Amino acid sequence: MSDRTMARQVLLFIWFLSLSSALGQVSYSIPEEMAKGSLVGNIGQDLGLDLKRLKSGKARIYTGDSAEYIELNKERGVLLIKERIDRETLCGQTTPCALHLQIILDNPMELFRVTVEITDINDNSPLFKRDERRFEISESAVVGSKFMLEKAIDADIGANDLQSYFLQPTDHFNLKLHGQSDGSKKVEMILQKPLDRENQENMSLILTAIDGGEPPKSGTVQIHITVLDINDNAPVFAKPVYTAMITENSQSGTPLITVSASDSDKGTNGDVSYLIANSDGVSDIFHIDENGLVILVGKIDFETAKHYQIDIEAVDNGGLSDSSKIMVDVIDINDNAPVITVMSKSNAIPEDSLQSTVTSIINVNDPDFDSNGLVHCSVNENIPFTIKSTSNGFYSIVTDRNLDRERESEYNISVTCADEGVPSLSSSVTLSLQISDVNDNAPVFDKGSYEASVQENNTPGLSIFTVRARDADFNQNARVSYILEDSSVNGVPVSSLVSVSADSGVIHAVRSLDYEQIKYFQFRVKAQDGGSPPLSSNVSVKITIQDQNDNAPQVLYPVQSGASVVAEIVPRSADVGYLVTKVVAVDVDSGQNAWLSYKLQKATDRALFEVGLQNGEIRTVRQVTDKDAVKQRLTVVVEDNGQPSRSATVNVNVAVADSFPEVLSEFTDFTHDKDYNDNLTFYLVLALAVVSFLFIVSIIAILSVKCYRWRRERMFYKSGANLPVIPYYPPLYADVGGTGTLQHVYNYEVCRTTDSRKSDLKYGRPCSESIISLDSSGTQTLTHAQRAKLNNEDSFDQQKPPSADWRFTQNQRPGPSGAAATPEVAMGTGPWPNPPTEAEQLQALMAAANEVSEATNTLGPGTMGLSTRYSPQFTLQHVPDYRQNVYIPGSTATLTSNQQQPQQALPPPQAAIAAAAAQPEPPKAAQTPASKKKSTKKDKK
């Protein structure tokens, strides 16, 4: 290889690196035959890309149609050897040898060009096409005769290429090397010493080819020389270099050129034959016949090889030869259409994408030359996209207008690329692109405002009406939700009146509406879509409440009060049409539901008064006379005009009198308000029923005891009258004041006032629930169960002496007449007094019943006062001291309280009395109208 050729290659390599830097490329240089996985370079660092960008951008390598020798490791950001690279296979003799890669990233799309230069290593030895070469040389060959030897082929380049030849032995021949334009060397064997067939007829030489590698490699060929008899002229070509041109894709057999060589010898020594001396596959494409015509026998492709060099040789029969070469240029034709490769493509872009947003990147390659390889690309018209050339062979499809999914949701982009050849060839590809929705449309209501009406007293949850809004967006962005905006109606949150369904927009009543409170109300409903961020619009809604006749008239005058009686006074001298009073009433409803009419329902004397139908005025119909009753009671009905109608009644008391005292005396027994009388009557009837029930139970108990005693006396009479009788005294029994006349002690507390209706009567229960019967001898008679219970309690409780505060004098003790008081009895420590007779017991029982009945009949409305004041939890210590008003029925005895003596523990009977006083009093009997009239007449008398 000449120094000039080497200098050209160095300059070409420097220019290539400079061009790469100017274009923003990254270049690497690696030797061939590197192992798989070897590091090429840190592409992430060299391009200024971090690992996250390589991963998120889905970095990948595009190599076109060539094999992939380099791979990208995105985890480390480096380029690695994927397949073993043989520079000779990849580039042959082309220098420099480089791999051109494109690294593509998405989101956003970026393209980087990477050039990897493959440097040669000395991995190939020089090779000869044939292992041996035979020469027949005439002995008459002159010194300096040339014998062309076969060139050795070394696939390496540069310093590793073939450098020199050595020939051994060199007794007769020497080597001469000639540099050629393609950088190779022509090897000639020069005769330096005349041949003498007689001395040496055959010679054997070894030609060694050595390259410039470290260590150097070599190849050899065996040369056999046969010395012939005199042929001292070699063929000579007419031209040292021939040139020819041929069009690519020419048919086989197409003639290329004819060469000629002449030999000055005569005879057979002057016959020349031609042959192609190339050992690199040219002989498979071209052939030369015996006449020197070179014809095409293989296929020619401009894209594969643009130039061919054919080494030809002319040989005579004497073995002398000459060499020449044919330089063949291949003419390109437009036989390749552009190849479109989609390198990156977006399936969908949002409708709010900015202009010049890249949607796809394509690569267009036309391997033709010159104008045949110039390509122009375009897209179909009437779409908001255009195509731009980004670098050599790469195009980007970008937006050139604003997109609107609501107008067009999908585009089919047809890309057509055509070259400038004649005729022009073109290719096309169709890219489908979806326009994804963006929330750019707010919901729109069907109406600017809504109005609806609903009747009051509606059912909670009633559906009133529906608001509806539509959204032009798609999917989730078009999903409309309805929201009730916060507001208040008369200080009440509107959410407590109505609600709106978030999905359907149906407005429901939350509660029952009242026209009298709210006639109408307004609120706003917001429609909000499901986008992010959401868009919304609102609308005003007015709901009018329709009135229903749900309110009865209310009487304002005359005022009905239970505390006092109000009466209108009409003088007896009143004429016809005299205005007594006016009933004033209102109805909170509206419209015809509030139209009121007045009617006289009942009256003491219907012929005396009338009521105005529209104004409610009460007037006299006739002249008032002396025969008319002083007390007149009118019941007026106030009725509205609703459907159905509602009414209210009012009682009007009218006094026909000329003086106020007369009116006062007549109206003192007016009953109170209806509610108060109804409650009082109920409790009085209940009290009467309870007292009657206790009376009947007492009668039944007395009769049962009498029967039992009678049967017992009969049993004792039959068994014998002389049996000793031991009287039995109960341990828990104590007489309150000597000789008692009743089996039970009854307590009455009476409070009397000037008004009989305010009197209170308290009736206490008997001290003991057990029925105790005493015979004439004072012996107590009990049932077996009661006797067993008393015997058990006697073991724990002992009888205590009676309290000194509850002693009776002899004159105060009830009992039979003539009963004398002993000192023991007066002190409360003597024996039991004589038991009362049966007649006395019956007399006392009947007296008690009569007093109870009389007390019941004289109860007034104020009887309820005691039960109100004294609750069931009220104990005896809270009751006022009315012992001076307590008496024992059937006797003239009264209880006295000695405040000077200390209080002792009550004996069991007295404790029972105290417990009975603590029990809740029974209900009082209700006062009947008949009893009221009787009490009124008695008060007057």
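Here is what the cut-offs are and how they apply
The residue count restarts for each chain, going from 1 along the sequence in the order it is written. Only residues with pLDDT of at least 70 get local features here, since the model is predicted, and only at 80 or more are side-chain atom pairs given and counted; chain-wide, interface and lining totals rely on the full set of residues. Excluding hydrogens and water, the side-chain figures rest on all heavy atoms present in the structure. UniProt positions are given in the numbering used here, feature names are shortened, and annotations may be inferred rather than shown by experiment. Note on aromatic pairs: the rings of Phe, Tyr and Trp (six-membered ring only in Trp) are paired at centre separations within 6.5 Å, and the planes decide the class, stacked below 30 degrees, edge-to-face beyond 60, tilted for the rest. Helix numbering and strand numbering both begin at the N terminus, where a helix is a DSSP run of H or I of at least 4 residues and a strand a DSSP run of E of at least 2. Burial here depends on accessible area, computed with a 1.4 Å probe over protein chains only, as a share of the maximum for the residue type. Under 20% is buried, over 50% is exposed, and the range in between is partly exposed. For a ring to carry a charge above it, either NZ of a lysine or CZ of an arginine must fall within 6 Å of the ring centroid while also lying within 35 degrees of the normal to the ring plane. Nonpolar cores were defined as sets of buried Ala, Val, Leu, Ile, Met, Phe, Trp, Tyr and Cys residues, with membership established by side-chain atoms within 4.5 Å. Throughout, a residue-residue contact means that at least one pair of heavy atoms, one from each residue, lies within 4.5 Å. When two cysteine sulfur atoms are found within 2.5 Å, that pair is recorded as a disulfide. Salt bridges are defined as contacts in which a side-chain nitrogen from Lys or Arg sits within 4 Å of a carboxyl oxygen from Asp or Glu. Strand pairing requires that DSSP identify at least two bridges connecting the strands. To get an axis, a line is fitted to the C-alpha atoms, and for a helix only the part in contact is used. The angle between two axes follows their N-to-C directions and goes from 0 to 180 degrees.

- As annotated in an unreviewed UniProt entry, the chain is Cadherin domain-containing protein from Cyprinus carpio carpio.
- The UniProt entry for the chain carries this comment under Subcellular location (unreviewed entry): "Cell membrane".
- The UniProt entry for the chain carries this comment under Function (unreviewed entry): "Potential calcium-dependent cell-adhesion protein. May be involved in the establishment and maintenance of specific neuronal connections in the brain."

**A word on the packing of aromatic side chains**
Here comes step 1: A complete count under the given rule lists eleven aromatic pairs for this structure.
Here comes step 2: On the basis of an interplanar angle of 75° and a centroid distance of 6.1 Å, the ring pair of Phe135 and Phe147 is categorised as edge-to-face. Of the two residues, Phe135 is situated in strand β8 (residues 132–138) and Phe147 in strand β9 (residues 146–148); the sequence distance between them amounts to twelve residues.
Here comes step 3: A relative accessible area of 6% means that Phe135 is categorised as buried.
Here comes step 4: According to the relative accessible area criterion, Phe147 is buried, its value standing at 1%.
Here comes step 5: Ring centres 5.5 Å apart and planes at 50° place the aromatic pair Phe302 and Phe369 in the tilted group. With Phe302 in the loop between β21 (293–296) and β22 (307–316) and Phe369 in the loop between β26 (358–365) and β27 (375–379), this residue pair connects regions lying 67 residues apart in the sequence.
Here comes step 6: Judged by relative accessible area, Phe369 falls into the partly exposed class, the value being 47%.
Here comes step 7: Connected via pairs of aromatic rings, a cluster forms that spans Phe135, Phe147 and Phe173.
Here comes step 8: Across from the ring centre of Phe302, 5.1 Å away, lies the NZ or CZ of Lys306, which sits over that ring.
Here comes step 9: A cation over a ring is seen here: Lys519 above Tyr515, with NZ or CZ 4.8 Å from the ring centre.

**Concerning the environment of Met203**
Here comes step 1: The topology assignment puts Met203 in strand β13 (residues 202–211).
Here comes step 2: We classify Met203 as buried; its relative accessible area is 8%.
Here comes step 3: Along the primary structure Met203 and Ile223 are separated by 20 residues, whereas in three dimensions their C-alpha atoms are 8.2 Å apart.

**Structural notes on the nonpolar core**
Here comes step 1: Counting residues in each nonpolar core, the largest one holds 29 residues, and the members touching the most others are Val498, Ile507, Phe521, Phe523, Val525, Val541 and Ile543.
Here comes step 2: Broken down by secondary-structure element, the contributors of at least two residues to this core are β33 (449–455), β34 (463–466), β36 (480–484), β39 (498–500), β40 (506–509), β41 (520–529) and β42 (536–546).
Here comes step 3: Every residue in contact with Val498, bar those within four places of it in the chain, is listed here: Ile464, Leu484, Ile507, His508, Ala509, Val510, Phe521, Phe523 and Ile543.

**Focus: the state of the cysteines**
Here comes step 1: A full pass over the atoms with the stated rule returns two disulfides.
Here comes step 2: A sulfur-sulfur separation of 1.8 Å characterises the disulfide bridge that pairs Cys91 with Cys97. Taking the sign of the S-S torsion, about 65° here, the bridge from Cys91 to Cys97 comes out right-handed.
Here comes step 3: For Cys91, a relative accessible area of 19% gives the class buried.
Here comes step 4: In this model Cys377 forms its disulfide with Cys417; the gap between the sulfur atoms is 2.1 Å. Its S-S torsion of approximately 110° makes the covalent link between Cys377 and Cys417 right-handed. Note that Cys377 is positioned in strand β27 and Cys417 in strand β30 (residues 410–419), a separation of 40 residues in sequence. Comparing Cys377 with Cys417, the two get one shared label, buried.
Here comes step 5: Listing the disulfide partners of the chain by sequence rank of the bonded cysteines yields 1-2, 3-4.

**Quick notes on the pattern of salt bridges**
Here comes step 1: For the coordinates displayed, the defined rule picks out 21 salt bridges.
Here comes step 2: Lys82 is the salt-bridge partner of Glu68, the closest N and O atoms lying 3.0 Å from each other. Placement of the pair is Glu68 in the loop between β3 (60–62) and β4 (70–73) and Lys82 in the loop between β5 (78–81) and α4 (87–91), with a sequence separation of 14 residues.
Here comes step 3: On the accessibility criterion, Glu68 (40% relative accessible area) is partly exposed.

**Re the sheet that holds β33**
Here comes step 1: The strand order across the open sheet formed by four strands is β33-β42-β41-β36, and the pairing between neighbours is mixed. At either end of the open sheet lies a strand with only one pairing partner, and these are β33 and β36. Strand-to-strand twist in this sheet, taken as the mean axis angle between neighbours without regard to direction, amounts to 30°.
Here comes step 2: Two strands pair when backbone bridges link them, and β41 and β42 are joined in this way by nine bridges, in the antiparallel orientation. Counted as the bridge partner of Ala527 is Ser537 from β42.

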